Amino acid sequence: MNDCDIGVYGLAVMGQNLALNIADHDFNVAVYNRTTLRIKTFMQEEVADRSVKAAYELPEFVNLLRTPRIILVMVKAGFAIDAVIDDLKPYLQAGDIIIDGGNSHYRDSERRAELLSEHEIHYIGMGVSGGEDGARLGPSLMPGGPLEAYQRVEAILKAIAAKVGNEPCVAYLGPHGVGHYVKMVHNGIEYAIMQAIAEVYDLMRRDAGMTPQQISEVFRRWNKGPLSSFLIEITGHLLTHTAADTGEPLIDLILDRAQQKGTGKWTIQDALDIAVPVPTISAAVDARVISSLKEAREKASSILQGPLAGFEMEQDKLVKVLEQALLATMICSYAQGFDVLRVASQGYDYHLDLSQVARIWRAGCIIRADMLNMISDAFAMHNNLPNLMLAPHFAQSLQDIQSGWREVVQLAVQNGIPVPAISSALAYYDSYRSARLPANLIQAQRDYFGAHTYERIDREGQFHTLWEQ
Ligand code: 2AM
């Protein structure tokens, strides 16, 4: 009876695909879902001859599992996870392990871990990235929790994770809620890169008047170079789709109102708390919010005027400088995300190995990119690298491509096309490399109106000036 290696609670798409993935790797899987219909449909339509047992009642589900038990919870993040934990708890015993594979906030994970530890039940908060296909064929997995619990689930996680060669995209990241923290930052970087891609698309479509097909060809070409990554690849694909009903490029028919589930916002909120600048991630979240103001934008478009005269750039040249601007913005997006991880690791005692984080993002997840090999190498050389931009490889790249990056920002500004991600990344780069910033003036203003005092560059101490005298 109790011979299942793992139970999957929650059979929405991600839960189903992970259950199938686990079963395909010769583990016995038990499945359960609050609504019975989902279990029945899954068993009838998906499972075939795989070793998957269904339970229709919670005690039955728990009893299918070998002890100490491993239960992967794949339900909607938030209240549902607490509800599921509450339901499960009476049937569990010391040593059992709950893995929360949803997009939980890391503070919720820490709270849940503590609550369950009172009952000697282990809690692993695990980021799962890769969407439906990743879950089915190999996701990037970001687990955090007690080491002994991780060691007990490691074989399953390594079997189902995406692989780079033979290396699985999963590693023990550390204690507490670190798994969900790393996933949160992953998503923040994802927002930034997606927005930067949307901006270069906009310049090609709106400014240069290129067709989706032509833009697709550019992305396909870029995907063979330093930009090579999942998001560039799928953009190249999706731009060629035509609407089945009208025959037009589907991309032209999609409403320009982006949605979000909150992980980008969480990244910014936490970055603000720990004082790490993430302007490109912020720009990306803001851009989604502005996009959602569709009606207001439509009204404003007939009132607020753009520049009178446009600025032209020859198409080959445009494509070349856009590649440089996109590459630079991608580097800055990773730099900002890894900076959040570096500072959080110190502040929250996570002891994160940043090189390892880059390694487990190389396959399976949404931000997988060739560039992550170099990022992993950079942090392997120096885990406390103050900023990724300072790694010799990236410092050199940014120097080589900055002229194109600046030309893109100039073109966009002159033509009135917003490039918040690309321009925020450039301002980040220019601020970070400025030995002297105009914060002297800010300090003088603060002292003027609030007697907040200032420091001087030529003398020790705190100073206050009676400015009006
Ligand atoms: P359902 O099929 O019974 O709705 C995604 O919504 C997944 O989370 C589904 O499997 C859903 O179960 C589950 N879920 C959402 N809220 C839940 C809750 N309060 N308790 C248990 N499962 C829940």
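Computed from a predicted model, the values in this text were never measured in an experiment. (Residues numbered from 1 in each chain as written. Predicted model: local features only at pLDDT ≥ 70, side-chain atom pairs only at ≥ 80, totals over all residues. Heavy atoms only, no water.)

Caption draft 1: A look at empty space enclosed by the protein. Taken as a whole and judged by the stated rule, the model has one cavity of 30 Å³ or more. Estimates place the volume of the largest cavity at around 30 Å³. For the largest cavity, the full set of lining residues is A335, F338, D339, R342, F379, L385, P386, N387 and L388. Here the lining of the largest cavity gets four residues from one element, more than from any other, and that element is helix α15 (residues 315-347). For the lining of the largest cavity, a count of residues per class yields six nonpolar, one polar and two charged. (1 Å grid on protein atoms, 1.4 Å probe; cavity = no way out; pocket = protein on both sides within 12 Å on 5 of 7 lines; lining within 4 Å. Points joined across faces, edges and corners; volume = space filled by probe spheres on them. Helix = DSSP H or I, 4+ residues; strand = E, 2+ residues; numbered from the N terminus. Nonpolar A, V, L, I, M, F, W, Y, C, P; charged D, E, K, R; others polar.)

Caption draft 2: Broad picture of the pairing of strand β5 (residues 97-100). Neither face of β5 is left uncovered, since the one carrying I97 and I99 and the one carrying I98 and D100 both have all their residues buried. Pairing of strand β4 (residues 70-73) with β5, which is carried by four bridges, proceeds in the parallel orientation. Opposite L72, over in β5, you have I99 as the bridge partner. In this structure, β5 lies alongside strand β6 (residues 122-129), joined through four bridges in parallel fashion. Bridge pairing in β6 places I98 opposite Y123. Regarding the hand of the β-α-β motif, the stretch spanning β5, helix α5 (residues 106-117) and β6 is right-handed. (Buried < 20%, exposed > 50% of the residue type's maximum accessible area, 1.4 Å probe, protein only. Pairing = 2+ DSSP bridges. Right-handed = clockwise from strand over helix to strand, strands pointing away.)

Caption draft 3: Broad picture of the environment of R69. Along the chain, R69 turns up in the loop between α3 (58-63) and β4. Look at R69 and you get buried, because its relative accessible area is 7%. C-alpha separation for the pair R69 and D96, spaced 27 residues apart in sequence, amounts to 4.6 Å. Here R69 is in contact with V62, Y91, L92, Q93, D96, I97 and R152, once residues within four sequence places are set aside. Separated by 2.8 Å, the side chains of R69 and D96 make a polar contact. (Contact = heavy atoms within 4.5 Å. Polar contact = N/O pair within 3.5 Å; in protein donor to acceptor, adjacent residues only side chain to side chain.)

Caption draft 4: Fine view of helix α10 (residues 230-238). Restricting attention to buried positions, one finds in α10 the residues F230, L231, I232, T235 and G236. If you follow the buried residues of α10, they end up packed against α8 (178-207), α9 (212-222) and α15.

Caption draft 5: How the structure looks around a nonpolar patch on the surface. Judged by side-chain polarity, L250, L253 and I254 come together as a nonpolar surface patch covering roughly 250 Å² of accessible area. Residue classification places L253 among the partly exposed residues on the basis of a relative accessible area of 42%. (Patch = residues over 30% accessible without salt bridge, like charges linked within 9 Å, V, L, I, M, F, W, Y side chains within 5 Å. Areas by Shrake-Rupley, 256 points an atom, 1.4 Å probe, with all protein chains shown as cover. Salt bridge = Lys/Arg side-chain N within 4 Å of Asp/Glu carboxyl O.)

Caption draft 6: How the structure looks around the packing of α15 against helix α17 (residues 371-381). Put simply, α15 and α17 touch, their axes get as near as 12 Å, and they point 45 degrees apart. With respect to α17, the element α15 is oriented oblique. Crossing angle aside, the handedness with which α15 passes α17 is right-handed. On α17, the residues that touch L327, M330, I331, Y334 and F338 of α15 are M371, L372, I375 and F379. Classifying every residue of the contact of α15 with α17 gives nine nonpolar, no polar and no charged. (Axes fitted to C-alpha atoms, helices over the stretch in contact; angles between N-to-C directions. Parallel < 35°, antiparallel > 145°, perpendicular 65-115°, else oblique. Left-handed = near helix turned anticlockwise from the far one by under 90°.)

Caption draft 7: Region of interest: the environment of L137. Its location among the elements puts L137 in helix α6 (residues 131-137). C-alpha separation for the pair L137 and E460, spaced 323 residues apart in sequence, amounts to 60 Å.

Caption draft 8: Molecular detail of α17. When we look at burial in α17, the residues that qualify are M371, L372, I375, S376, A378 and F379. What you see down the axis of α17 is that its buried residues fit within an arc of 160 degrees, all on one side. Within α17, the exposed residues directed more than 90 degrees away from the buried face are A380 and M381. On the buried face of α17, the contacting elements are α15, α16 (354-360) and α18 (392-415). (Arc of directions from axis to C-beta.)

Caption draft 9: Expanded view of the packing of aromatic side chains. Here the structure, examined in full by the defined rule, presents 17 aromatic pairs. Ring centres of Y9 and F61 lie 6.2 Å apart, and the angle between their planes is 85 degrees; on these two criteria the pair is classed as edge-to-face. Residue Y9 is located in strand β1 (residues 6-9), and its partner F61 is located in helix α3; the two are separated by 52 residues in the primary sequence. Summarising the burial analysis for this pair, Y9 and F61 share the class buried. Site record: aromatic cluster; members linked through ring pairs are Y106, Y181, Y348 and Y350. Over the aromatic face of Y191 sits the side chain of R288, whose NZ or CZ is 3.7 Å from the ring centroid. When the ring centre of F463 is taken as reference, the NZ or CZ atom of R456 above it lies at 5.5 Å. (Phe/Tyr/Trp six-rings, centres within 6.5 Å; stacked < 30°, edge-to-face > 60°. Lys NZ or Arg CZ within 6 Å of the ring centre and 35° of its normal.)

Caption draft 10: Spatial organisation of the sheet that holds β5. Overall, mixed pairing links the seven strands, which are arranged β3-β2-β1-β4-β5-β6-β7 in an open sheet. Either end of the sheet is taken by a strand with one partner, and the two such strands are β3 (52-54) and β7 (140-144). Between one strand and the next, the sheet's axes are offset by a mean angle of 25 degrees, whatever the strand orientation. By the bridge criterion, five bridges tie β6 to β7 in an arrangement that is antiparallel. Its bridge partner lying in β7, V128 is registered against L141. Helix α2 (residues 36-45) rests against β2 (29-32) and β3 of the sheet, and its axis sits at about 150 degrees to β3.

Everything listed here is a matter of geometry and, on its own, says nothing about what the molecule does.
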